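Now for the letters of each chain:
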Amino acid sequence: PGVSVQTRSGYFAMPPGEGTATFSYEVQLLKALRSPDPPHDLPVRTRAFRFGPEAGGQRYTVVLELPLDAIQFERDQDPAFERAHFSFLGVLRTPWGAVAEKFSQDAPVWLPRKRHDDLKQGNAVFMRSFTLPEGSYRLETAAMDRQSGRTSVYQSRLSVPPGRSAFGLSSLAVVKRAERVAKGALASDDPFRAGEARIVPWVTEAEVDPTEGVGLFFVAYVPAGQTEVPQVTLEIRRGTQVVGHAEPALPAPDAQGRIPYVVSLPAGRFAPGRYEVLAEL
């Protein structure tokens, strides 16, 4: 007598090994990941970029990209806007199937109708950074258009090598664009955040306008406290032939021994074709 009990209306009962689900859309996407015939209704593009060693292992940033022309837009109550709604989910699994890392984001958006055609040429980009210990992992990602119900699942392998030298280079990323970080945004461990800017990399093979420069982003790593600036060499190849060479002058490392850097190469100097860039510290 006299006792009042309050409880939530329910919970999401997850299969063993799936961890927890905070939102209902995560349950739907986890179900898609477990499907014996995974759906591929949306052109989702995924890539994991490797960065430097940290106390917990090696840092990686996963980038998911979803073309906006692939999702459904509906008229909003305000006739000047259209609305869309999509969700992302990523799960990293150990070789025995346990969840090592899980991340997700739900994104309802409203877009001005007068900019419909221009905005549909863009992409929704989701980025998440995390640290993994040595080992082999399976990266499972899923995206869902909440308006149409269409879903896509993508799987790849990710291997974290043993041994972590204080010297090293991150993955080399071709810069698609740079965005200004919103004023008052929370601090982030994501290496693609450089000062007040966020680098958005190409997830697929870059298609470069020959009238513009090609931006390449990487992070060089030296022992913490070292003031000597290392030399990084860039080599541009077309097939087996070396067609370009650069040795950019890097700035001094920060207190943790990190040197984030963007180098710009003149694309107009190269004939149309497919190229590969190698970086060496």
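In this report, the structure presented in the accompanying data block is examined.

Attention shifts here to the sheet that holds strand β14 (residues 233–238). Strand order in the open sheet formed by 3 strands is β15-β14-β17, with antiparallel pairing between adjacent strands. The open sheet has two free edges, formed respectively by β15 (241–246) and β17 (276–280), since each of these has just one partner strand. Direction aside, neighbouring strands of the sheet carry axes that sit 25° apart on average. Of the pairings in the sheet, the one linking β14 to β15 comprises 5 bridges and is antiparallel in character. Note that in β15 the partner of L234 across the bridge is A246.

This part covers the nonpolar core. Grouped together as the largest cluster of nonpolar side chains are 26 residues, with contacts concentrated most on L66, F86, F88 and L132. When contributions to this core are tallied by element, the ones reaching two or more residues are β2 (57–67), β4 (81–93), β5 (99–112), β6 (123–132), β7 (135–145) and β8 (151–160). The contact partners of F86, leaving out residues within four places of it in the chain, are L66, L68, I71, Q105, D106, A107, V109, A124, M144, D145 and R146. Core analysis: the second largest hydrophobic core is formed by 15 residues, V214, L216, F218 and A267 among them.

What follows concerns the layout of surface pockets. A volume near 770 Å³ is recorded for the largest pocket. Around the largest pocket, the lining is made up of 24 residues, and of these A206, V208, V214, Y275 and V277 lie nearest the centre. Going through the elements one at a time, β10 (173–180), β13 (213–221) and β17 are the ones with two or more residues in the lining of the largest pocket. Tallied by class, residues from the lining of the largest pocket come to 17 nonpolar, 2 polar and 5 charged.

Here the focus is the pattern of salt bridges. On inspection of all chains with the given rule, the structure shows 15 salt bridges. Across the pair R237 and E235 runs a salt bridge whose closest N-O atoms are separated by 2.7 Å. When the shortest N-O distance is used, the salt bridge between D254 and R258 registers 3.2 Å. Judged by its relative accessible area of 30%, D254 is partly exposed. Residues joined by salt bridges that share partners form a network here, namely R45, E65 and K176.

Within the secondary structure, E205 sits in the loop between β12 (197–201) and β13. Considered as a pair, E205 and V174 are 31 residues apart in the sequence and their alpha carbons are 8.7 Å apart. In this structure the side chain of E205 is engaged in a polar contact, spanning 2.8 Å, whose partner is the side chain of R274.

Turning to the sheet that holds strand β1 (residues 45–54), a few remarks are in order. Taken together, 3 strands build an open sheet; the order of strands is β1-β2-β6 and the sheet is antiparallel. At either end of the open sheet lies a strand with only one pairing partner, and these are β1 and β6. Between one strand axis and the next, the sheet turns by 15° as a mean value, whatever way the strands run. Looking at chain direction, β2 and β6 are connected through 10 bridges and run antiparallel. Looking at the pairing, Y60 lines up with F130 of β6.

Every buried residue of helix α1 (residues 24–33) is listed here: Y25, E26, L29, L30, A32 and L33. One side of α1 carries all its buried residues, which in axial view fall inside an arc of 155°. In the core, the buried residues of α1 are packed alongside β4, β5, β7 and β8.

Alignment of β10 against β13, held across 2 bridges, turns out to be antiparallel. The residue bridging A173 from the neighbouring strand is F217, located in β13. The sheet contact formed by β10 and β12 spans 5 bridges and is antiparallel. Among the inter-strand pairings, A178 is bridged to a residue of β12, identified as I199.

In total, this model carries 9 aromatic pairs according to the counting rule given. Ring plane angle 20° and centroid distance 5.5 Å describe the contact between F88 and F126, whose orientation is recorded as stacked. With a gap of 38 residues between them, F88 in strand β4 and F126 in strand β6 connect regions that are remote in the sequence. Its relative accessible area of 2% is what places F88 among the buried residues. An aromatic cluster of three or more residues is present, and its members are F86, F88, F103, F126 and F130. The positively charged end of K176 is found above the aromatic ring belonging to W202, 4.7 Å away from the centroid.

Scoring rules and cut-offs
- Within each chain, residues carry numbers counting from 1 in the order of the written sequence.
- Confidence filtering applies because this is a predicted model: local features only for residues at pLDDT of at least 70, side-chain atom pairs given and counted only at 80 or more, and all residues used for totals across whole chains, interfaces and linings.
- Here the side-chain values reflect all heavy atoms present in the structure, with hydrogen atoms and water set aside.
- Should DSSP find at least two bridges between two strands, the strands are taken to pair.
- Comment: elements are numbered from the N terminus, with helices defined as DSSP H or I runs of at least four residues and strands as E runs of at least two.
- All axes are obtained by fitting lines to C-alpha atoms, using only the stretch in contact for helices, and the reported angles, taken between N-to-C directions, cover 0 to 180 degrees.
- Residues enter a nonpolar core if they are buried and are Ala, Val, Leu, Ile, Met, Phe, Trp, Tyr or Cys, with the set joined through side-chain atoms within 4.5 Å.
- Note on exposure labels: buried denotes an accessible area under 20% of the residue type's maximum, exposed denotes more than 50%, and partly exposed covers the range between, all computed with a 1.4 Å probe on protein chains only.
- Residue contacts are defined here by distance: any two heavy atoms, one from each residue, within 4.5 Å place the two residues in contact.
- Every definition here rests on a 1 Å grid over the protein atoms only: cavities are sets of points where a 1.4 Å probe fits but cannot get out, pockets are open sets enclosed by protein on both sides within 12 Å along at least five of seven lines, and lining residues have some atom within 4 Å of a point.
- Grid points are joined across faces, edges and corners, and a volume is the space filled by probe spheres set on the points.
- Under this grouping Gly is polar, as are all residues other than the nonpolar Ala, Val, Leu, Ile, Met, Phe, Trp, Tyr, Cys and Pro and the charged Asp, Glu, Lys and Arg.
- Salt bridges are defined as contacts in which a side-chain nitrogen from Lys or Arg sits within 4 Å of a carboxyl oxygen from Asp or Glu.
- For this analysis, a polar contact is any N or O atom pair within 3.5 Å, provided that within protein one partner can donate a hydrogen and the other can accept it, and provided that sequence-adjacent residues contribute only side-chain to side-chain pairs.
- In this description, the arc belongs to the directions extending from the helix axis to the C-beta atoms.
- Put simply, two rings from Phe, Tyr or Trp (the six-membered ring, in Trp's case) pair if the centres are within 6.5 Å, and we call them stacked under 30 degrees between planes, edge-to-face over 60, tilted for the rest.
- By definition, being over a ring means that NZ of Lys or CZ of Arg is both within 6 Å of the ring centre and within 35 degrees of the ring normal.

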